[in-house]
Amino acid sequence: ALPPLGAAGERSFYEAAHPLRHAALLCVRAQARRQRGVRASGGDPGEAYLCTGLDIVLSDESCVMCAMALVHGRIRRVLYRRRDARAGGLGSVEKVHALESTNHRFRVWRVAEDGD
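Residues numbered from 1 in each chain as written. Predicted model: local features only at pLDDT ≥ 70, side-chain atom pairs only at ≥ 80, totals over all residues. Heavy atoms only, no water.

(A) Helix α2 (residues 23-40), seen in detail. Helix length check: α2, at 18 residues, gives a terminal C-alpha distance of 26 Å against a target of 26 Å (1.5 Å per residue), a fit within 8%. Considered for burial, the residues of α2 that qualify are A24, L25, L26, C27, V28, A30, Q31, A32 and Q35. Of the residues trailing α2, G42 is marked for its positive phi of about 85 degrees. (Helix = DSSP H or I, 4+ residues; strand = E, 2+ residues; numbered from the N terminus. Expected span 1.5 Å × (residues − 1). Buried < 20%, exposed > 50% of the residue type's maximum accessible area, 1.4 Å probe, protein only.)

In structure tokens form, the structure reads like this:
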């Protein structure tokens, strides 16, 4: 799985008012930093590219921008709870994860509760 938020020592990035503070982007960024750190210390990060083979669990559906970041990061699967009817990129507005024009696609599940 991707590193939990804050796992890569980026606390100031999370706390600052920043337009890119979306959970999916923060996780991809933390994974990139982790891989850079391993490479810098002479190790093998063990992954082919960023998030290849990794899953991400989110409370809210990713927006189109974050969904495309997950495509570029080569995420394997996404699970989320709440839809985003205004900007959802994983099915509510767009289906970025399933675009035929991209060279990577991933699976998406919405986790519903009773009454949904």
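Back to the text.
(B) Here's a closer look at the packing of α2 against helix α3 (residues 64-72). Relative to each other, α2 and α3 sit at 30 degrees, their axes nearing to 8 Å. The orientation of α2 relative to α3 falls into the category roughly parallel. For the element pair α2 and α3, the recorded crossing hand is left-handed. Of α3, the residues touching α2 (which contributes A24, L25 and V28) are M65, C66, A69 and L70. A per-class count over the contact of α2 with α3 returns seven nonpolar, no polar and no charged. (Axes fitted to C-alpha atoms, helices over the stretch in contact; angles between N-to-C directions. Parallel < 35°, antiparallel > 145°, perpendicular 65-115°, else oblique. Left-handed = near helix turned anticlockwise from the far one by under 90°. Contact = heavy atoms within 4.5 Å. Nonpolar A, V, L, I, M, F, W, Y, C, P; charged D, E, K, R; others polar.)

(C) View of the environment of L25. Along the chain, L25 turns up in helix α2. Measuring from C-alpha to C-alpha, the distance between L25 and A69 comes to 6.7 Å, with 44 residues separating the pair along the chain.

(D) Fine view of the pattern of salt bridges. Counting across every chain of the model gives three salt bridges. A single network of salt bridges, built from pairs that share partners, joins D55, R76 and R77. (Salt bridge = Lys/Arg side-chain N within 4 Å of Asp/Glu carboxyl O.)

(E) Representation of the sheet that holds strand β3 (residues 107-110) in the model. An order of β1-β2-β3 is seen for the three strands of this open sheet, with the pairing classed as parallel. Either end of the sheet is taken by a strand with one partner, and the two such strands are β1 (55-60) and β3. Direction aside, the axes of adjacent strands within the sheet are offset by 20 degrees on average. (Pairing = 2+ DSSP bridges.)

(F) How the structure looks around the environment of D84. The residue D84 is located in the loop between β2 (77-82) and β3 in this model. Here the alpha-carbon distance between D84 and D60, two residues 24 residues apart in the chain, equals 7.1 Å. In this structure D84 touches E61, S92 and V93, once residues within four positions along its chain are discounted. A polar contact is formed between the side chain of D84 and the backbone nitrogen of A87, at a distance of 3.0 Å. (Polar contact = N/O pair within 3.5 Å; in protein donor to acceptor, adjacent residues only side chain to side chain.)

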